[in-house]
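For reference, the chains in residue letters:
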Amino acid sequence: MAERYGGKFSPKGSQAGDAGVKPAPGAPKVSSMAPRFAGATRARAGMRSNLMFVVPLVFLWHAFTSDPTGLALYLAAVGVLLLAAWLTREGLKAQEAWEARKVARRPGIPRKLFGSALTGAGLGLVGLAGHGVLEAVIFAILGAGLHGFAFGLDPMSDKGMEGIDTHQQDRVARAVGEAEAHLAAMADAVKRAGDRGVADRVARFSQTARTMFRTVEEDPRDLTAARKFMGVYLMGARDATVKFADFYARKHDPKAREDYLALLDEMESNYAQRTEKLLLDDKTDLDIEIEVLRERLQREGAV
């Protein structure tokens, strides 16, 4: 859908962008030009990984101009290389998620490692189909090695997990997964409203909610205090977003838009305040631990 580009100093600027969107009280100020890009980084799964889906298709020409044995080998090679490309892209996404968090487990499956092995196997099949066994071995070794050099290794260790109950961490991971699903549903539903300003406002609220998620991930003890915010309240926000988008798509009612934005303002303020309280509680726990240790040291010194 075509959208008007405009800003504060553009003609009819008050009608473009985030018109009518008020920042939530206590929430950090975000530029109206880039609420959806706050904290964004360049994706690892970019051009290089996407090219891996294109290159294997070249071998289809060789497949259909070869004898039956060559046809089978080339088609198998294309399938293996496409699987390697998919695993590589998923491995890059998993690495991004690992690097974005202060507390994270290593990926359960080393996808990039398997991608390297399958790339070598696929090119080995190409060498076997078009040349011979020696060429197949050379292609396989070079393919696996170059893939590993280009995309690197998977994260092989946990990060920031010292002293954290793994059972609690699993509970947090499930809660965060459900919360992220609610945010994704909100972002998908609000597109039906056809209002760029509202979509950006939802994106900004999602950033505030994810700040809470990261706080809980770093200290799983906060899950109890944040559970309603990550579950019940987000589910309600998702349902409200779906109903607003369906209604606003049929009838562009300014009052409905104003009420929905007011809801987001209130929710963002509450989420920001709850996150701040979680951080203060963590500071209180730290102060208690420090005081207890000081008392022990003083008793030992007195003896």
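Cut-offs used in this document
- Residues numbered from 1 in each chain as written.
- Predicted model: local features only at pLDDT ≥ 70, side-chain atom pairs only at ≥ 80, totals over all residues.
- Heavy atoms only, no water.
- Helix = DSSP H or I, 4+ residues; strand = E, 2+ residues; numbered from the N terminus.
- Buried < 20%, exposed > 50% of the residue type's maximum accessible area, 1.4 Å probe, protein only.
- Axes fitted to C-alpha atoms, helices over the stretch in contact; angles between N-to-C directions.
- Parallel < 35°, antiparallel > 145°, perpendicular 65-115°, else oblique.
- Left-handed = near helix turned anticlockwise from the far one by under 90°.
- Contact = heavy atoms within 4.5 Å.
- Phe/Tyr/Trp six-rings, centres within 6.5 Å; stacked < 30°, edge-to-face > 60°.
- Patch = residues over 30% accessible without salt bridge, like charges linked within 9 Å, V, L, I, M, F, W, Y side chains within 5 Å.
- Areas by Shrake-Rupley, 256 points an atom, 1.4 Å probe, with all protein chains shown as cover.
- Salt bridge = Lys/Arg side-chain N within 4 Å of Asp/Glu carboxyl O.
- UniProt positions renumbered as here; feature names shortened; annotations may be inferred.

Peer 1: Before we go on, may I ask you to explain the environment of Gly 130 in this structure?
Peer 2: Inspection of the secondary structure puts Gly 130 in helix H4 (residues 111-130). Since its relative accessible area comes to 40%, Gly 130 is described here as partly exposed. Residues Gly 130 and His 62 lie 68 residues apart in sequence; the distance between their C-alpha atoms is 8.6 Å.

Peer 1: What is the right way to read the packing of helix H1 (residues 47-54) against helix H5 (residues 133-151) from this model?
Peer 2: The description of two helices packed together rests on the angle between their axes and the distance between the axes. Between H1 and H5, the shortest axis-to-axis distance is 11 Å and the interhelical angle comes to 150°. Between H1 and H5, the angle falls in the class roughly antiparallel. In this structure, H1 meets H5 at a crossing whose hand is left-handed. Mapping the contact onto sequence places Arg 48, Ser 49 and Met 52 in H1 and His 147, Ala 150 and Phe 151 in H5.

Peer 1: Sorry, what's going on with the packing of aromatic side chains here?
Peer 2: Between two aromatic rings, the relevant description is the distance of the centres plus the angle of the planes. Scanning the entire structure with this criterion turns up six aromatic pairs. Seen in terms of ring centroids, Phe 205 and Tyr 271 are 5.3 Å apart; in terms of plane orientation they differ by 80°. Their pairing is edge-to-face. One end of the pair, Phe 205, is in helix H7 (residues 196-218); the other, Tyr 271, is in helix H10 (residues 254-302), with 66 residues separating them in the sequence. Taken as a pair, Phe 205 and Tyr 271 share a single burial class, namely buried. On the numbers, 5.2 Å between centres and 85° between planes, the contact of Phe 229 with Tyr 271 is edge-to-face. Residue Phe 229 is located in helix H8 (residues 223-230), and its partner Tyr 271 is located in helix H10; the two are separated by 42 residues in the primary sequence. Since its relative accessible area comes to 11%, Phe 229 is described here as buried.

Peer 1: Explain a nonpolar patch on the surface to me, please; I cannot follow it from the model alone.
Peer 2: Where nonpolar side chains cluster on the molecular surface, the patch consists of Leu 134, Ile 138, Phe 139, Leu 142 and Leu 146 and spans about 490 Å² of accessible area. The topology assignment puts Ile 138 in helix H5.

Peer 1: What is the right way to look at the environment of Leu 113 in this model?
Peer 2: Structurally, Leu 113 can be placed in helix H4. Along the primary structure Leu 113 and Ala 84 are separated by 29 residues, whereas in three dimensions their C-alpha atoms are 9.5 Å apart.

Peer 1: Looking at this model, I keep getting lost on the UniProt feature "transmembrane region" (unreviewed entry) in the chain. Mind explaining?
Peer 2: Per the UniProt record, "transmembrane region" (unreviewed entry) is found at residues 45-64, 70-88, 109-130 and 136-153. A distance of 33 Å separates the end C-alpha atoms of residues 109-130, which is 91% helix and 0% strand. For residues 136-153, helix accounts for 89% and strand for 0%, while the C-alpha atoms at its two ends are 24 Å apart.

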